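Analysis of the macromolecular model
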Amino acid sequence: MFEKLASVEARYDQLMTEMANPVVQGDSTKFRGHSKALAEIQPLVEQFRAYKSVVAQIVSTEELMQDPDMRALAQEELRALEQQRDALLAEIKVLMVPKDPNDEKNVMLEIRGGTGGDEAALFASDLFRMYSRYAERKGWKMEIMNLSETGVGGTKEVIAMIQGRAVYSRLKYESGVHRVQRVPATEASGRIHTSTATVAVLPEAEEVDVQIDAKDIRVDTFCSSGPGGQSVNTTYSAVRITHIPTGIVVSQQDEKSQIKNRAKAMKVLRSRLYEIEMRKQQDAIAKDRRTQVGSGDRSEKIRTYNFKENRITDHRVHFTMHQLTQALDGDIDELIDAAAAHFQSEKLKETSAAEDDGN
C-alpha cells in the first residue's frame, strides 16, 4: 500500500512541476487535464503527507521516553499521536478505494408505480416530488423526458434527466423497490395498505459510451395521447424506438416536435443500454459472489416509508429515521449518507481482501 502511496505522491509532484511549465499553461486542453488529475489525487497525497509527519513525530516521542524526566509526558503525547496516525491511515484506505468512473455523470431517473394500483401511482408521484425537491436543494437541473399520469393525480411512469455536479455519486444507491405503508385517502375503514414503486437511477451515457447501430433500432411514430388515452394532437410527433437486439422499448411524446422526441428517446435508450453493459461488467467481476455494491439492484426492496410512525427504514443498511415528512420534501441527505457510507465500507472490505489475496 505504501509503495502505491509513494507512487501517487511522485505523480502529484510531477504534475505540479508540469503545471508550472509555460508550455503546459499555454495548452488549455493539457492544462485542464493536469488540473483534473491533480484534484483527484490531492486529498490522498495530503493525507499521506500528514500520516508521514505524524509517524516522524511518533519516532521522536519514543526517543524522549528514554529520558525518565520526560517519560510521563511523552507517553501521553504518544497515545494521542498513535490515535491520530490510526485515524489518518483509515482515511487513506478509504481514499484509495477505486472511484466509480460514473460518479460525476448526470443521471436518468425513472420512477414507476408498482403493486397497489392507484395508491402505488400516488406513491410514485410522492417519490418524484421528493427527488425533484432534493435536486432543487442541490442546485441541479431537472428535465422531464416522459410523464404518464393517472386520472387520480398519480404517476404511472416518469423519466427525468438530472444534470449537475456529481449527481450519480449521490443518487446511485436509490435504485430499487420503495415500499409505502399508509392509509389511502379512499380507505373509509382506516386500514393501512402496502404499495410499491420502483426507482432506477441510470448514469447518462454519451455517444462515445454506447454506440447504437441504425439497423438495430426500429422507429415508429404516432399521435401523442394524454390521460385515459385520448388524442392530444393529430400530428405524428410521438416516437417509439425499439432496440431489436435487447427488446428495449422507449416512447417519448412530451415535445411537439418529432425530432426532439426522437432525440430524447435516444438519450433514454443509450442510458439503459449503458446500464446493461455496466451490469455485465459487475457480474464478470463478482462472478458467483454477486453483491449490491455499486449496482443498486432495482429488484431489491430497499426502503419502507411508514406514514403512521413517520418512519423511513433502509433495509440494506439497517438505518431508520423518523423524519418522513421532511424527507418527502427533499431532505434526504441523511438517508443517502447512510447508504453511501455502508457501500463505501463494503468496497473497502473487498479492496482489502483483494490486496490480501494478491500478497
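So, here is what we can say about the structure in this document. Remember, it's a predicted structure, so these values are computed and weren't measured experimentally. (Residues numbered from 1 in each chain as written. Predicted model: local features only at pLDDT ≥ 70, side-chain atom pairs only at ≥ 80, totals over all residues. Heavy atoms only, no water.)

1. A few points about the environment of Ser-169
What counts here: Only DSSP runs of H or I covering at least 4 residues are called helices, and only runs of E covering at least 2 are called strands; the numbering of each starts at the N terminus.
Its location among the elements puts Ser-169 in helix α6 (residues 167–171). Through-space distance from the C-alpha of Ser-169 to that of Val-107 is 9.7 Å; in sequence the pair is 62 residues apart.

2. Here we look at helix α5 (residues 117–138)
Note the following rule: Under the convention used throughout, the expected extent of a helix is 1.5 Å for every residue step, that is, one less than its residue count.
With 22 residues, α5 should cover 32 Å at 1.5 Å per step; its first-to-last C-alpha distance of 32 Å lies within 8% of that length. Positive backbone phi, approximately 75°, marks Gly-139, located one or two places after α5.

3. Looking at a nonpolar patch on the surface
How we decide: Every patch collects residues that have over 30% relative accessible area and no salt bridge, joining them within 9 Å if they carry like charges and within 5 Å if they are nonpolar side chains (Val, Leu, Ile, Met, Phe, Trp, Tyr). For every accessible area listed, the method is Shrake-Rupley and the probe measures 1.4 Å; residues are considered covered only by the protein chains on display. Salt bridges are counted wherever a side-chain nitrogen of Lys or Arg sits within 4 Å of a carboxyl oxygen of Asp or Glu.
A cluster of nonpolar side chains, namely Leu-64, Met-70 and Leu-73, defines an oily patch on the protein surface of about 250 Å² accessible area. Topologically, Leu-73 is positioned in helix α4 (residues 71–95).

4. Observations concerning the environment of Val-250
Put simply, the rule reads: We call two residues in contact when some of their heavy atoms are within 4.5 Å.
Within the fold, Val-250 resides in strand β8 (residues 248–252). Sequence-wise, Val-250 and Val-239 are eleven residues apart; in three dimensions their C-alpha atoms are separated by 8.2 Å. If sequence neighbours within four positions are ignored, Val-250 has contacts with Val-239, Arg-240, Ile-241, Ala-265, Val-268, Leu-269 and Arg-272.

5. A look at helix α1 (residues 2–19)
Counted only if it meets this: Note on exposure labels: buried denotes an accessible area under 20% of the residue type's maximum, exposed denotes more than 50%, and partly exposed covers the range between, all computed with a 1.4 Å probe on protein chains only. Note: the arc covers the axis-to-C-beta directions of the helix.
Helix length check: α1, at 18 residues, gives a terminal C-alpha distance of 26 Å against a target of 26 Å (1.5 Å per residue), a fit within 8%. Turning to α1, its buried residues are Leu-5, Glu-9, Tyr-12, Leu-15 and Met-19. All buried residues of α1 lie within an arc of 120° about the axis, which places them on one face of the element. Seen from the open side of α1, the exposed residues pointing more than 90 degrees away from its buried face are Glu-3 and Thr-17. Buried residues along α1 sit in contact with α2 (22–25), α3 (28–64) and α4.

6. Regarding the layout of surface pockets
Here is the rule we go by: A pocket here means an open set of points on a 1 Å grid, computed over the protein atoms alone, that has protein on both sides within 12 Å along at least five of seven lines. A cavity is instead a set of points where a 1.4 Å probe fits but cannot get out; residues with an atom within 4 Å of a point line either one. Grid points are joined across faces, edges and corners, and a volume is the space filled by probe spheres set on the points. Put simply, Ala, Val, Leu, Ile, Met, Phe, Trp, Tyr, Cys and Pro go in the nonpolar bin, Asp, Glu, Lys and Arg in the charged bin, and everything else, Gly too, in the polar bin.
By volume, the largest pocket is sized at about 960 Å³. Lining the largest pocket are 29 residues, and of these Val-97, Pro-98, Lys-99, Asp-100 and Asp-103 lie nearest its centre. Per-element tally for the lining of the largest pocket: the top contributor is α3, with six residues. Taken together, the residues of the lining of the largest pocket sort by class into 15 nonpolar, two polar and twelve charged.

7. Let's talk about the sheet that holds strand β11 (residues 319–321)
Our working definition: When DSSP finds two or more bridges between a pair of strands, those strands are recorded as paired. Axis definition: a line fitted to C-alpha atoms, limited for helices to the stretch in contact. Angles are taken between N-to-C directions and run from 0 to 180 degrees.
Pairing is mixed in the open sheet, where eight strands are placed in the order β2-β3-β1-β5-β4-β9-β10-β11. Of all the strands in the sheet, the pair left with one neighbour each is β2 (141–149) and β11. The average angle at which neighbouring strand axes cross in this sheet is 15°, direction not considered. Note: strand β10 (residues 311–314) against β11, three bridges, orientation antiparallel. Bridging across to β11, Asp-314 finds its partner in Phe-319.

8. Some words on the pairing of strand β1 (residues 107–113)
Most of β1 is tucked away: five of the seven residues are buried. Here β1 pairs with strand β5 (residues 193–203) via seven bridges, running antiparallel. The residue of β5 that forms the bridge with Gly-113 is Ala-197.

Any functional reading would require information beyond the geometric quantities listed.
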